[in-house]
Protein chains: 4
Amino acid sequence: YDITDEEALKIILAAKKEAEATDVLVNIAVTDAGAHLKAFIRMDESYLGSIDVAIKKAKTARYFNIDTGTLGELTQPGGIIYNIELSNGGLVSFPGGMPIRNKDNVIIGAIGVSGGSIEQDRAIALAGIKAILKK
Amino acid sequence: YDITDEEALKIILAAKKEAEATDVLVNIAVTDAGAHLKAFIRMDESYLGSIDVAIKKAKTARYFNIDTGTLGELTQPGGIIYNIELSNGGLVSFPGGMPIRNKDNVIIGAIGVSGGSIEQDRAIALAGIKAILKK
Amino acid sequence: YDITDEEALKIILAAKKEAEATDVLVNIAVTDAGAHLKAFIRMDESYLGSIDVAIKKAKTARYFNIDTGTLGELTQPGGIIYNIELSNGGLVSFPGGMPIRNKDNVIIGAIGVSGGSIEQDRAIALAGIKAILKK
Amino acid sequence: YDITDEEALKIILAAKKEAEATDVLVNIAVTDAGAHLKAFIRMDESYLGSIDVAIKKAKTARYFNIDTGTLGELTQPGGIIYNIELSNGGLVSFPGGMPIRNKDNVIIGAIGVSGGSIEQDRAIALAGIKAILKK
């Protein structure tokens, strides 16, 4: 099972639409099941620094099959996996990255959104994911 | 002057359409005028190694405002800029990367295509670029 | 004194067996006395992000001849070697990495396990190490 | 379709056996279909520098679904993809890396062997691959 290019495009366009509707400027990255970049879009005037953050959020989400925000709760000082961000060439452990599952709940890729507040990034990621679950 | 996200998407979709019409599996990257990734799509079953090559082709084309194939003629052993590929974190100097110009001939970004033969990659890049010049 | 390839394989297979017996999906890395990768196995469906974490755990354990969990107690904010994880191309300082000693208590390599809880990773590492101490 | 840990181990052990039978000291790496490290073994006294070469050979073979020796014919000065080795964090374009196919000819991973002559490396890689095709 792996995400298709059409699914990845659908997700990115749905996430971008959500970002526009809520007036947030973001970078949106989608990886496949192997954590390799599948699709990407950067909205005009969004942060340049968010290119890498968005891609790393998506990769992180797939590397550990986890909402990046949930990962971040475990990586704080004193946390059980403190500083795991230093592995894998750099991980991102705050909200905005999420695994993408198909209708059978199998992980087929991941999305990473960066540029807004962490709540906004996560909401936009979620809107993207939902695009391929709708009929 | 800078490419917009809508233009980048239009270019990527046109390049993908050309690739599908000619039965080639490619990765397509578009950068903005600052040589930063603006949009990207990887076609299903295209080479994993072409992700980075496509992005580097687009960056190379904008770094030097040149068709990457033309650059490659200068970087061969004995060439005037031999091994310039080692700069900038890795350049790609064979065909498939091209600057994107607007209707006034101002460079607003670049496209990089990888996955087919170098002739196919270049033709697909060209088809992408033409998409924003058409009325 | 250095670990042999046969010992490394034995350790990896014993660790994998322990992981299977306890229903944990892990990546297992073994380095030699020089902290260089000697053997590695990734169990099916284990985290992709654990490849690098397992290897870094093993390297960290040998770099400082220490249980990585013990190291982590010293690297917290306010700790005496705060942020040492940033050295050596990235260290991992939570449990799952341990030096491997021969029957004479000489360090001959290290093991790193990643994919389960930190307690599970450490237990699996320990099971691996014990494999070359048994008669 | 993806290689299993049991298949990867079988390949590595068969390649190691071939290396021993022909008196060659090598590093052997196997990646999965996503080009991620799946299994690895370094024979005693083989080159330390071959760890990275073996892994990069396997990745290169999967990145472009090609025998790395065949790739190398295209990357020479004047070749159509001169210097592509500089992409993807470093590729290896001499023999010893090969895609692994299952019985239905689907690529499920790749193997990389380094430490002997390029002919020896390639022969050992081939012996590894054949291990999962035999009944």
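**Overview of the overall build of chain A**
Logical step 1: In terms of helices and strands, chain A carries 4 helices and 4 strands.
Logical step 2: Since a compact globule built from 135 residues should have a radius of gyration of about 14 Å, the 14 Å found for chain A is in line with a globular shape.
Logical step 3: Across its three principal axes, chain A shows a C-alpha extent of roughly 45 × 35 × 20 Å.
Logical step 4: Within chain A, contacts between residues at least 6 apart in sequence are counted, and of these 64% link residues at least 24 apart.
Logical step 5: Carbon and sulfur atoms provide 53% of the accessible area of chain A, an area that totals close to 5,500 Å².
Logical step 6: In chain A, 15 side chains carry a positive charge and 17 a negative one; their mean positions are 5 Å apart.

**Looking at helix H4 (residues 118-130) of chain C**
Residue and element names in this part refer to chain C.
Logical step 1: Across its 13 residues, H4 extends 18 Å between first and last C-alpha, which sits within 8% of the 18 Å expected from 1.5 Å per residue.
Logical step 2: Of all the positions in H4, only Ile118, Asp121, Ile124, Ala125, Ala127, Gly128 and Ile129 are classed as buried.
Logical step 3: Tucked inside the fold, the buried residues of H4 contact helix H1 (5-21), helix H2 (50-63), strand E3 (97-101) and strand E4 (107-114).

**Regarding the pairing of strand E4 (residues 107-114) of chain A**
Residue and element names in this part refer to chain A.
Logical step 1: Buried residues dominate E4, accounting for 8 of its 8 residues.
Logical step 2: Examined bridge by bridge, strand E3 (residues 97-101) and E4 share 5 bridges and lie antiparallel to one another. Following the sheet pairing, Met98 is matched in E4 by Ile111.
Logical step 3: Between E3 and E4, which pair antiparallel and follow one another directly, the connecting turn spans 5 residues, one of which, Asn105, has a positive phi of 70°.

**Observations regarding the relation of the copies chain B and chain A**
Logical step 1: Superposition of chain B onto chain A requires a rotation of 180° combined with a translation of 0.2 Å along the rotation axis, giving an RMSD of 0.1 Å. Taken together, the rotation angle and the small translation identify this as a two-fold axis. In terms of C-alpha distance to the rotation axis, chain B has B:Phe40 as its closest residue, with the C-alpha 2.4 Å off the axis.
Logical step 2: Interface residue correspondence from chain B to chain A reaches 100%, placing this contact among same-surface, isologous pairings.

**Comments concerning the interface of chain B and chain A**
Logical step 1: Of the residues lining the interface, 20 residues belong to chain B; the matching set on chain A comes to 20 residues.
Logical step 2: For the pair chain B and chain A, the number of links is 8 salt bridges.
Logical step 3: The partner of A:Asp32 in a salt bridge is B:Arg42, and the shortest N-O contact between them spans 2.6 Å.
Logical step 4: Elements represented by at least two residues in the side of chain B that touches chain A include exactly helix H1 (5-21), strand E2 (37-42) and helix H2 (50-63) of chain B.
Logical step 5: Tallied by class, the residues present in the side of chain B that touches chain A amount to 11 nonpolar, 2 polar and 7 charged.

**Observations regarding the side chain of A:His36**
Logical step 1: Its place among the elements puts A:His36 in the loop between strand E1 (27-32) and strand E2 (37-42).
Logical step 2: Within the local environment of A:His36, its side chain forms a polar contact with the backbone oxygen of D:Gly34, the two atoms lying 2.6 Å apart.
Logical step 3: Setting aside chain neighbours within four positions, we find A:His36 in contact with A:Val30, A:Thr31, B:Arg42, B:Leu48, B:Ile51, D:Gly34 and D:His36.

**Things to note about the confidence of the model for chain A**
Logical step 1: In this model, chain A carries an average pLDDT of 96, and 99% of its residues clear a pLDDT of 70 or more.
Logical step 2: This prediction of the complex comes with two scores: 0.96 for pTM and 0.95 for ipTM.

**A few points about the sheet that holds E4(A)**
Logical step 1: Spatially, 8 strands are ordered E3(A)-E4(A)-E1(A)-E2(A)-E2(B)-E1(B)-E4(B)-E3(B) in an open sheet, and the strand pairing comes out antiparallel. At either margin of the open sheet sits one strand with a lone partner, and together these are E3 of chain A together with strand E3 (97-101) of chain B. The sheet shows a mean angle of 20° between the axes of neighbouring strands, taken without regard to direction.
Logical step 2: Packed on one face of the sheet, helix H4 (residues 118-130) of chain A meets E3 and E4 of chain A and runs near 145° to E4(A).
Logical step 3: Of the strands in this sheet, E2 of chain A together with strand E1 (27-32), E2, E3 and strand E4 (107-114) of chain B touch H2(B), which is tilted by about 150° from E4(B).

**Thoughts on helix H1 (residues 5-21) of chain A**
Residue and element names in this part refer to chain A.
Logical step 1: In a regular helix each residue adds 1.5 Å, so 17 residues correspond to 24 Å; H1 covers 24 Å between its end C-alpha atoms and thus fits that length.
Logical step 2: Buried residues of H1: Asp5, Ala8, Leu9, Ile11, Ile12, Ala15, Lys16 and Ala19, and no others. The buried residues of H1 all sit within an arc of 160° when viewed along its axis, so they share a single face. With respect to the buried face of H1, the exposed residues turned more than 90 degrees away are Lys17 and Ala21.
Logical step 3: Just downstream of H1 lies Asp23, where phi reads positive at about 60°.

**Regarding the sheet that holds strand E4 (residues 107-114) of chain D**
Logical step 1: Taking strand neighbours across the sheet as the criterion, the 8 strands line up as E3(C)-E4(C)-E1(C)-E2(C)-E2(D)-E1(D)-E4(D)-E3(D) in an open arrangement whose pairing is antiparallel. The open sheet has two edge strands with one neighbour each: E3 of chain C together with strand E3 (97-101) of chain D. Strand-to-strand twist across the sheet, computed as the mean angle between neighbouring axes with direction ignored, equals 20°.
Logical step 2: Judged from the 3 bridges that link them, strand E2 (residues 37-42) of chain C and strand E2 (residues 37-42) of chain D form a sheet pairing that is antiparallel. Residue pairing for E2(D): C:Phe40 is matched across the bridge by D:Phe40.
Logical step 3: Sheet contacts for H1(C): strand E1 (27-32), E2, E3 and E4 of chain C together with E2 of chain D; angle to E2(C), the most-contacted strand, approximately 25°.
Logical step 4: Where H2(C) meets the sheet, it contacts E1, E2, E3 and E4 of chain C together with E2 of chain D, and its direction lies at approximately 150° from that of E4(C).

Rules of the game
- Residues numbered from 1 in each chain as written.
- Chains lettered and ligands numbered in written order.
- Predicted model: local features only at pLDDT ≥ 70, side-chain atom pairs only at ≥ 80, totals over all residues.
- Heavy atoms only, no water.
- Helix = DSSP H or I, 4+ residues; strand = E, 2+ residues; numbered from the N terminus.
- Rg over C-alpha atoms; globule rule 2.2 N^0.38 Å.
- Contact = heavy atoms within 4.5 Å.
- Areas by Shrake-Rupley, 256 points an atom, 1.4 Å probe, with all protein chains shown as cover.
- Lys, Arg positive; Asp, Glu negative; His and termini not counted.
- Charge placed at Lys NZ, Arg CZ, Asp CG, Glu CD.
- Expected span 1.5 Å × (residues − 1).
- Buried < 20%, exposed > 50% of the residue type's maximum accessible area, 1.4 Å probe, protein only.
- Pairing = 2+ DSSP bridges.
- Least-squares fit on C-alpha atoms with pLDDT ≥ 70 in both.
- Salt bridge = Lys/Arg side-chain N within 4 Å of Asp/Glu carboxyl O.
- Nonpolar A, V, L, I, M, F, W, Y, C, P; charged D, E, K, R; others polar.
- Polar contact = N/O pair within 3.5 Å; in protein donor to acceptor, adjacent residues only side chain to side chain.
- pLDDT = per-residue confidence, 0-100.
- Axes fitted to C-alpha atoms, helices over the stretch in contact; angles between N-to-C directions.
- Arc of directions from axis to C-beta.

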